[in-house]
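In case you want the letters, here they are:
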Amino acid sequence: MNISKRIDNMTFSEIRKFIPYSDEAKERGIEVYHLNIGQPDIKTPEEFFEAIKSFEGKTLKYENSHGIKELINSFIKYYKSININLDKDDILITNGASEGILFALLTLCDFGDEIIVPEPYYTNYNNMAKMAGVKINSFRTYREDGFHIKSKDEILRNISPNTKAMLICNPGNPTGVVYTREEVRLLCDIAVEKDLFIIVDEVYREFVYGEEKFTSFMYMEDVQDRIVLVDSISKRYSACGARIGMLVCKNKLVSSEFMKLSQTRLSVSSLDQIGAAKLIDVTPQYLSDVNKEYEKRRDVLYEGLISIPGVSCEKPSGAFYIIAKLPLKDTNHFTKWLLTDFNLSNKTVMITPAAGFYSTEGLGLDEVRLSYCINCEDLKASIEILRHGIIEYKKHFK
Ligand SMILES: Cc1ncc(COP(=O)(O)O)c(C=O)c1O
């Protein structure tokens, strides 16, 4: 008996492979600061829990495959507040953005089709593409440019007759890039020129800092029929465990085809939808306080990193990640060593080697992705651990 070639071709999470080492470190009494995951530590708004507590139904039924009316209406209201006008048929509730991305690929692409994605990119796109039988063709963006898009030619070079869509994450994980209006326009123009769909993952939309302005692809009126927007409450309301995401699409043919997939998986969790529907009552102050907190953390992590000799990174404008180059050859080995062989006053850090975010072999080997989902004091302590860890590591390895 053989398992499928499809599953064989998929990979285990690059981010999770160090968890056993971190568990062992904890068993040895070492405190581990987690700079490796995008799990916000911010409290989920009370409104979510209150809504679930007041649920009076006697049976947990399947809900409408499209999503419950109250939740869809609450998202229509939310989108209106950011100047995007939607009808109820433009929205499909999904099990997180993750299911939304898979639905988008399955609906837009045939087996063997290609999508283009700026590299480095969120690693789970790889497995999602493999599930859909789609090939990712990446085009490079560079740390030195803050991962902004510099070259139209570089993108065009990677588009073939089999390319059906671009998949863009804005603000970006793992890069923290926030694309300018000009970059968004450029990508839309390329989509028109090459007749591509645009799948855009905006789950970090609320995490844009300082003077930077966020431009949704949905603001580009002329490409509305090409866009499939992926969104989620996971990051916005620190509600990763609720598994509520959505697809937004104004192309009626595409959005009606999504229903085949959503009807096949029947329903999204009823209680999670009931809780999420009340998030619309959360005050704008909540989002702006959370935004300020992340901006502070970004500054602490960025300033700390560039104070370490040999470390270089650009200050990101959004999401909650930084890619940094370390003065080492193999950050994979360093990540493991930090957990197995190093501590500073009984504390260490868990980081993520960046190579897993690149699809081009050999890229990112000297880079790491750090998330700033822990508080400023712990971030400062983590910087000191990294600073001493790098010095100690270099005594033994290159
Ligand atoms: C870029 C990006 N898209 C999608 C997701 C998945 O979000 P969800 O929890 O809504 O499935 C993540 C989670 O980290 C992410 O970073």
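Residues numbered from 1 in each chain as written. Predicted model: local features only at pLDDT ≥ 70, side-chain atom pairs only at ≥ 80, totals over all residues. Heavy atoms only, no water.

### Observations concerning the sheet that holds strand β7 (residues 227–232)
Here 7 strands make up an open sheet; going across it, the order is β2-β8-β7-β6-β5-β3-β4 and the pairing mixed. Lying at the two open borders of the sheet, with one neighbouring strand each, are β2 (91–94) and β4 (135–140). Within this sheet the neighbouring strands show an average axis-to-axis angle of 25 degrees, counted without direction. Pairing analysis gives 5 bridges linking β7 to strand β8 (residues 245–249), with the strands arranged antiparallel. Bridged to L229 within β8 is V248. Along the sheet face, helix α4 (residues 69–81) touches β2, β7 and β8 and points at about 120 degrees away from the line of β2. (Pairing = 2+ DSSP bridges. Helix = DSSP H or I, 4+ residues; strand = E, 2+ residues; numbered from the N terminus. Axes fitted to C-alpha atoms, helices over the stretch in contact; angles between N-to-C directions. Contact = heavy atoms within 4.5 Å.)

### Quick word on the nonpolar core
Core analysis: the biggest nonpolar cluster contains 126 residues, and Y79, L305 and F334 have the highest contact counts within it. Considering each element in turn, this core owes the most residues, 8 residues, to helix α11 (residues 284–306). Inspection of this core shows a minimum of three residues originating in each of domain 1 (5–43 + 285–396) and domain 2 (46–281). Counting residues in each nonpolar core, the second largest holds 6 residues, with F18, I30, V32 and M350 among its members. (Core = buried A, V, L, I, M, F, W, Y, C linked by side-chain atoms within 4.5 Å. Buried < 20%, exposed > 50% of the residue type's maximum accessible area, 1.4 Å probe, protein only. Domains from an automatic or database assignment.)

### Here's the deal with the pattern of salt bridges
Tallied over the full model, the rule gives 27 salt bridges. Where R226 meets D195, a salt bridge forms, and the shortest distance between an N and an O atom there is 3.0 Å. Here the residue R226 occupies a position in the loop between β6 (197–201) and β7, and D195 occupies one in the loop between α8 (181–194) and β6, the gap between them amounting to 31 residues. The exposed category is assigned to D195, whose relative accessible area is 57%. E293 is the salt-bridge partner of K296, the closest N and O atoms lying 3.4 Å from each other. Here the residue K296 and the residue E293 both occupy positions in helix α11, the gap between them amounting to 3 residues, near one helical turn. Where salt bridges share partners, they join D41, E293, K296 and R297 into one cluster. (Salt bridge = Lys/Arg side-chain N within 4 Å of Asp/Glu carboxyl O.)

### A few points about the environment of T107
Structurally, the position occupied by T107 is in helix α5 (residues 96–108). Each C-alpha atom, one on T107 and one on S255, is 9.1 Å from the other, the two residues being 148 residues apart in sequence. With near-sequence residues (within four places) excluded, T107 lies in contact with V254, E257, F258 and L261.

### Section: the packing of aromatic side chains
Per the stated rule, a full pass over the model turns up 18 aromatic pairs. Ring geometry for Y78 against Y79: centres 5.2 Å apart, planes inclined by 80 degrees, an arrangement best described as edge-to-face. Judged on exposure class, the residue Y78 and its partner Y79 are both buried. Relative to Y372, the ring of Y294 has its centre 6.5 Å away and its plane inclined at 55 degrees; by these criteria the two rings are tilted. Of the two residues, Y294 is situated in helix α11 and Y372 in the loop between β12 (367–371) and α13 (376–396); the sequence distance between them amounts to 78 residues. The exposure classification of Y294 matches that of Y372, with both residues buried. Through a chain of ring-to-ring contacts, the aromatic side chains of Y204, F207, Y294, F320, Y321 and Y372 assemble into a single cluster. A cation over an aromatic ring shows up here: R236 above the ring of Y78, its NZ or CZ 4.1 Å from the ring centre. The ring of Y294 has R297 sitting right over it, with the charged end atom 5.2 Å from the ring centre. (Phe/Tyr/Trp six-rings, centres within 6.5 Å; stacked < 30°, edge-to-face > 60°. Lys NZ or Arg CZ within 6 Å of the ring centre and 35° of its normal.)

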